[in-house]
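# Coordinate analysis (summary)
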Amino acid sequence: MRPFFLCLPPVLVWHLTEAGQWDTLLLFMVKEKDLPADVSAPTKAGLRIVAIMEASKGLLVLLGGFGLLTLLHRDVQAVAVQLINRLHLNPSKHYPTIFIDAASHVTDLRLWQMAWFALVYSTLRLVEAYGLWHERRWAEWVALVSDGIYLPIEIIEVIHRQSPFRVGTLLVNLVVVAWMGYALLHPSRAQKAEMAK
């Protein structure tokens, strides 16, 4: 295991030696394994995973919003029928009929509204992802609340209509909420220092 001071920038080591602050430099000569364990390492990895998930959701919704804008000034019902035919679905079945009927009521104003909603939602998710990546406490709270708010709905969905997708979604959100709760209860050293200010 290499001495911890080797991880320091050479300019800092030179400055400490030139200033005669050998005691400060000796503190940095402790080996990494001798440093106290920090719960922030696994928490940081978990926060980064959740940040990637949230950024992915934000980017996916943003792309969907741009996709909606491509439908402006077009016959949305005809596009829906074309999509159903391309997917080899029977247009007379229940769900394709609902989809075609909903598409027939879409106006340009409604498309703009949905695109703006997608922009706001994706911005929230991307800002949350940025905050989680940089271990911001406010982002942990946003993630806890924004993922926790869906749990009752997902539990009811799983109880009434079980499917692997619904159960998987519920489990992923339970893990995210539990991880955010853990991160909030066990702040990293940087967060503790920030809270002490």
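First, a word on scope: everything that follows refers to the structure included in this document. Per-chain numbering applies: the sequence of each chain, read as written, is numbered from 1 onward. It should be noted that, the model being predicted, local features are given only for residues of pLDDT at least 70 and side-chain atom pairs only at 80 or more, the latter also being counted only at that level, while totals for whole chains, interfaces and linings use all residues. The basis for the side-chain values is all heavy atoms of the structure; hydrogens and waters are excluded.

### Brief notes about helix 9 (residues 164-185)
- Between its first and last C-alpha, helix 9 extends 31 Å over 22 residues, near the 32 Å set by a 1.5 Å rise per residue.
- Taken together, the buried positions of helix 9 are occupied by Leu170, Asn173, Val176, Val177, Met180, Ala183 and Leu184. What you see down the axis of helix 9 is that its buried residues fit within an arc of 160°, all on one side. Exposed positions of helix 9 whose direction lies more than 90 degrees from the buried face are Pro164, Val175 and Leu185. Counting from the N terminus, the helices are the DSSP runs of H or I reaching at least four residues and the strands are the DSSP runs of E reaching at least two. Here the expected span of a helix is defined as 1.5 Å times the quantity of residues minus one. Burial classification: accessible surface area is computed with a 1.4 Å probe over protein chains only, and a residue below 20% of its type maximum counts as buried, one above 50% as exposed, and the rest as partly exposed. What the arc covers is the set of directions going from the helix axis to the C-beta atoms.

### As for the pattern of salt bridges
- Basic side-chain nitrogens of Lys or Arg form a salt bridge, by our definition, when they fall within 4 Å of a carboxyl oxygen of Asp or Glu. For the structure shown, the criterion picks out nine salt bridges.
- The closest approach of N and O atoms between lysine 57 and glutamate 54, which form a salt bridge, is 3.3 Å. One end of the pair is lysine 57 and the other is glutamate 54, both in helix 3 (residues 40-69) and three residues apart, which spans about a single turn.
- Linking lysine 57 and aspartate 147 is a salt bridge whose minimum nitrogen-to-oxygen distance equals 3.5 Å. With lysine 57 in helix 3 and aspartate 147 in helix 7 (residues 137-148), this pair connects stretches of sequence that are 90 residues apart.
- For lysine 57, a relative accessible area of 27% corresponds to the partly exposed category.
- Sharing partners across several salt bridges, the network here consists of Glu54, Lys57, Arg125, Glu128 and Asp147.

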